[in-house]
Amino acid sequence: MTRTNDRKDGGRRDGKQNGDDGFEQVLNYVRDEMEPHIDGYTRSYLRRRVDSRIRRADCEGYEDYVELLRDDADERRDLMDAFWINVTRFFRNPDVWERLYETLPDEGSLRAASVGCADGSEAYSLAVLCASKGVDVSVTGIDADPRAVEVAREGTYDADIDELETVSFVDDATEYVVEKDDCLEVDREIRRNVDFVQGNAMDVSNLFRGYDLVLCRNLLIYVRADRREPIFEGVTGMLDDGGLLVLGKTESLPSDYRQKYTTVDGRLRIYRKK
Ligand SMILES: C[S@@+](CC[C@H](N)C(=O)[O-])C[C@H]1O[C@@H](n2cnc3c(N)ncnc32)[C@H](O)[C@@H]1O
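Residues numbered from 1 in each chain as written. Predicted model: local features only at pLDDT ≥ 70, side-chain atom pairs only at ≥ 80, totals over all residues.

Peer 1: Tell me about the sheet that holds strand 3 (residues 156–157), and please be specific about residues and values.
Peer 2: Pairing within the open sheet is antiparallel, and its 3 strands lie in the order 3-5-4. Each having just a single partner strand, strand 3 and strand 4 (177–180) make up the two edges of the open sheet. Pairing analysis gives 2 bridges linking strand 3 to strand 5 (residues 183–186), with the strands arranged antiparallel. Residue pairing for strand 5: T156 is matched across the bridge by E185. (Pairing = 2+ DSSP bridges. Helix = DSSP H or I, 4+ residues; strand = E, 2+ residues; numbered from the N terminus.)

Peer 1: Describe the domain arrangement of the protein, with residues and values.
Peer 2: For the protein, the assigned domains are domain 1 (15–83) and domain 2 (94–273). On a C-alpha basis, the centres of domain 1 and domain 2 stand 30 Å from each other. At the interface, 6 residues of domain 1 touch 7 residues of domain 2. Considered class by class, the residues forming the side of domain 1 that touches domain 2 number 2 nonpolar, 3 polar and 1 charged. (Domains from an automatic or database assignment. Contact = placed C-beta atoms within 7 Å. Nonpolar A, V, L, I, M, F, W, Y, C, P; charged D, E, K, R; others polar.)

Peer 1: Describe the sheet that holds strand 10 (residues 270–273), and please don't skip the residues or the numbers.
Peer 2: Sheet architecture is open: 7 strands sit in the order 6-2-1-7-8-10-9, paired in mixed fashion. Edge strands, defined here as strands with exactly one partner in the open sheet, are strand 6 (194–198) and strand 9 (261–265). Looking at each pair of strands side by side, their axes are set apart by 20° on average, direction ignored. With 3 bridges connecting them, strand 1 (residues 109–115) and strand 7 (residues 211–216) associate as parallel partners. What sits directly across from A113, in strand 7, is V214. Against the sheet, helix 8 (residues 146–154) touches strand 2 (136–143) and strand 6, its axis set at about 165° to strand 6. (Axes fitted to C-alpha atoms, helices over the stretch in contact; angles between N-to-C directions.)

Structural data, given as structure tokens:
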């Protein structure tokens, strides 16, 4: 079977396979065999990811695609790769990091987590920020995607040093993440303070406790509004009283949780647990 296709119609050649029923079959297969939390994500998001894989795999439609998933472990992996969007970078949204730099204490130690950590850049950015402030930190990076966790543990990135040089408030960031063989490599001292585990944000509350800071950024946007509750419950349970929660800049606390937090910076989505 050819694996590339330029069709822009979502692989929808066959009207019969086109509809919600066919798509439902794909979701059923994914839910039962691959990812039990699939229903937590918005349908439009899932459909875009599945349609894109169908086009690339040159399948006739959803039913054909379910067959392919059953037969082909590579396609199962590629679908999951498409599904977990790992877009991230060091110090993504520098204004948030600058505010964190000002808000975090100047001494002592900190337990922090990056939930939905992708390739680990976010967790390492936090460790660099703390090192630069002279604060001892231990960061746990958590992601549902096992391949992202693997990359994160490596701590080597095909990225440009400019990513770090633009971060003016941490003047020594490039001491902690260094250029090596056209890659960026996180310094061993920083890596020592960061560990990564595969885990689902929808199940974190019982597993992780006692954090001073939880970053949960740019993950909720993919999750259906009515399925975000376990994630908020989870990250709230992870934090000690007085701990900070940072969401993505387009994400916000649902009304049920607003009374549990005070707002440190509403625009930058930084909250403090009461
Ligand atoms: C767009 S990235 C955000 C990375 C980073 N937090 C940032 O803001 O740059 C979203 C990450 O969330 C992960 N993710 C999605 N759903 C998840 C879940 N239920 N539990 C844990 N990680 C999840 C994806 O695998 C992906 O790596």
